[in-house]
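Single-letter residue listing:
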Amino acid sequence: MSDAFGFMFAFYGLLLGLAVVEVASGFSRAYDERQQRKIGIVAPLFGLLLLVDLITFWMNAWAYRDMAEVNYIIAYAVAVVALLYYFAATQVFPKATEKNTLDNHIMEHRRVVVFCVLGSNLMTQIPPAISAVTTPWPLSTFALWITLNSIYYALLLTAAFAKSKRVVTIVVGVAVLYVLTATALFAG
């Protein structure tokens, strides 16, 4: 592990950690307020999706442990990726002062959450995309990479634009299982 990676990972880890804490706090508030506000299923699924994706992000950062140097572009990119996740995490569960049910709240805020997650994911795909071009990947590897990401992005976009709460619930549940399965199959 390089000093540059350690320096940058501390910053990235702090920001991602804040997002994890925000999701955990949302779950805690939802549990504490369960007598006054129905928990539902959609908001907890979105919270679970964020947690699963955040852990995947954290683990994927390890691939950069041999990073030779840190520059401002990398630092800003890391900040944007992590802060988009933090913002998404703040939008999943309603604030204590809101009277909306959890599911109604997330149905109103899901597009913001999805677009933050999509933005973070797309930004983290820039280095592999550059690598695929500069050191050509085998066609099968490139096709798998494109396919896996496209399926996930399609699930997220469906969750953002579906009109039915049932469809959103199913799609987010499938997205959680998809990330968990892909991580189990392809994580080193």
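Residues numbered from 1 in each chain as written. Predicted model: local features only at pLDDT ≥ 70, side-chain atom pairs only at ≥ 80, totals over all residues. Heavy atoms only, no water.

**Topic: the overall build of the protein**
Next up, step 1: Helix and strand counts for the protein come out as seven helices and zero strands.
Next up, step 2: Starting at the N terminus and walking to the C terminus, you meet the elements of the protein as α-α-α-α-α-α-α.
Next up, step 3: In the protein, buried positions account for 41% of the 188 residues.
Next up, step 4: At a minimum sequence separation of 6, the contacts of the protein that also span at least 24 residues come to 82%. (Helix = DSSP H or I, 4+ residues; strand = E, 2+ residues; numbered from the N terminus. Buried < 20%, exposed > 50% of the residue type's maximum accessible area, 1.4 Å probe, protein only. Contact = heavy atoms within 4.5 Å.)

**Focus: the side chain of Ser120**
Next up, step 1: With respect to the helices, strands and loops of the structure, Ser120 is situated in helix α4 (residues 102-124).
Next up, step 2: With relative accessibility at 0%, the residue Ser120 sits in the buried group.
Next up, step 3: In this structure the side chain of Ser120 is engaged in a polar contact, spanning 2.9 Å, whose partner is the backbone oxygen of Val81.
Next up, step 4: For Ser120, the residues in contact, after removing those within four places along its chain, are Phe57, Val81, Leu84 and Tyr85. (Polar contact = N/O pair within 3.5 Å; in protein donor to acceptor, adjacent residues only side chain to side chain.)

**What about the environment of Val174?**
Next up, step 1: Structurally, the position occupied by Val174 is in helix α7 (residues 165-186).
Next up, step 2: On the accessibility criterion, Val174 (39% relative accessible area) is partly exposed.
Next up, step 3: Each C-alpha atom of the pair Val174 and Leu155 lies 7.8 Å from the other, and the pair is 19 residues apart in sequence.

**Points about the environment of Val167**
Next up, step 1: Position of Val167 relative to the elements: it lies in helix α7.
Next up, step 2: Judged by its relative accessible area of 35%, Val167 is partly exposed.
Next up, step 3: Non-local contacts of Val167, meaning those with residues more than four positions away in its chain, are made with Thr158 and Ala162.

**Section: helix α3 (residues 72-92)**
Next up, step 1: With 21 residues, α3 extends 30 Å from end C-alpha to end C-alpha; this agrees with the ideal 30 Å at 1.5 Å per step.
Next up, step 2: The elements touched by buried residues of α3 are α1 (3-32), α2 (42-60) and α4.
Next up, step 3: Two or three places before Ile73, at the start of α3, stands the capping residue Asn71, its side-chain oxygen 3.0 Å from that residue's backbone nitrogen. (Expected span 1.5 Å × (residues − 1).)

**Remarks on the packing of α4 against helix α5 (residues 126-134)**
Two quantities define a packed helix pair, namely the angle between the axes and the distance from one axis to the other.
Next up, step 1: Remark: α4 packs on α5, axes separated minimally by 4 Å, with the N-to-C direction vectors making an angle of 30 degrees. Packed against α4, whose contacting residues are Leu122, Met123 and Thr124, the element α5 presents Ile126, Pro127 and Pro128 at the interface.
Next up, step 2: Residues that form the contact of α4 with α5 fall into these classes: five nonpolar, one polar and no charged. (Axes fitted to C-alpha atoms, helices over the stretch in contact; angles between N-to-C directions. Nonpolar A, V, L, I, M, F, W, Y, C, P; charged D, E, K, R; others polar.)

**Observations regarding the packing of aromatic side chains**
Next up, step 1: This model, assessed by the stated rule, comprises seven aromatic pairs.
Next up, step 2: With 6.3 Å between their ring centres and 45 degrees between their planes, Tyr152 and Tyr153 make a pair best called tilted.
Next up, step 3: In this structure Tyr153 comes out as buried when scored by relative accessible area, which is 13%.
Next up, step 4: Among the aromatic residues, ring-to-ring pairing joins Trp137, Phe142 and Trp145 into one connected group. (Phe/Tyr/Trp six-rings, centres within 6.5 Å; stacked < 30°, edge-to-face > 60°.)

**Some details on the pattern of salt bridges**
Side chains that carry opposite charge are capable of pairing whenever their charged atoms lie near each other.
Next up, step 1: One pass over the structure, following the stated rule, counts two salt bridges.
Next up, step 2: Residue Arg37 is joined to Glu33 by a salt bridge in which the shortest nitrogen-to-oxygen separation is 2.3 Å. (Salt bridge = Lys/Arg side-chain N within 4 Å of Asp/Glu carboxyl O.)

**Digging into the packing of α3 against α4**
Next up, step 1: At their nearest, the axes of α3 and α4 sit 8 Å apart, and the two run at 165 degrees to each other. Judged on the interaxial angle alone, α4 and α3 are roughly antiparallel. Crossing hand, α3 versus α4: left-handed. Contact with α3, carried on its side by Ala77, Val80, Val81, Leu84, Tyr85, Phe87, Ala88, Gln91 and Val92, involves His105, Ile106, His109, Val112, Val113, Cys116, Val117, Gly119, Ser120, Asn121, Met123 and Thr124 of α4 and no other residues of that element.
Next up, step 2: Looking at side-chain class alone, the contact of α3 with α4 contains 14 nonpolar, seven polar and no charged residues. (Parallel < 35°, antiparallel > 145°, perpendicular 65-115°, else oblique. Left-handed = near helix turned anticlockwise from the far one by under 90°.)

**Some details on a nonpolar patch on the surface**
Next up, step 1: Together, Leu14, Leu18, Leu83 and Tyr86 give the surface a local cluster of nonpolar side chains, amounting to about 350 Å² of exposed area.
Next up, step 2: Those elements giving two or more residues to the nonpolar patch turn out to be α1 and α3.
Next up, step 3: Locating Tyr86 in the fold gives a position in helix α3.
Next up, step 4: You can call Tyr86 partly exposed: its relative accessible area is 31%. (Patch = residues over 30% accessible without salt bridge, like charges linked within 9 Å, V, L, I, M, F, W, Y side chains within 5 Å. Areas by Shrake-Rupley, 256 points an atom, 1.4 Å probe, with all protein chains shown as cover.)

So yeah, pure geometry; function would need other evidence.
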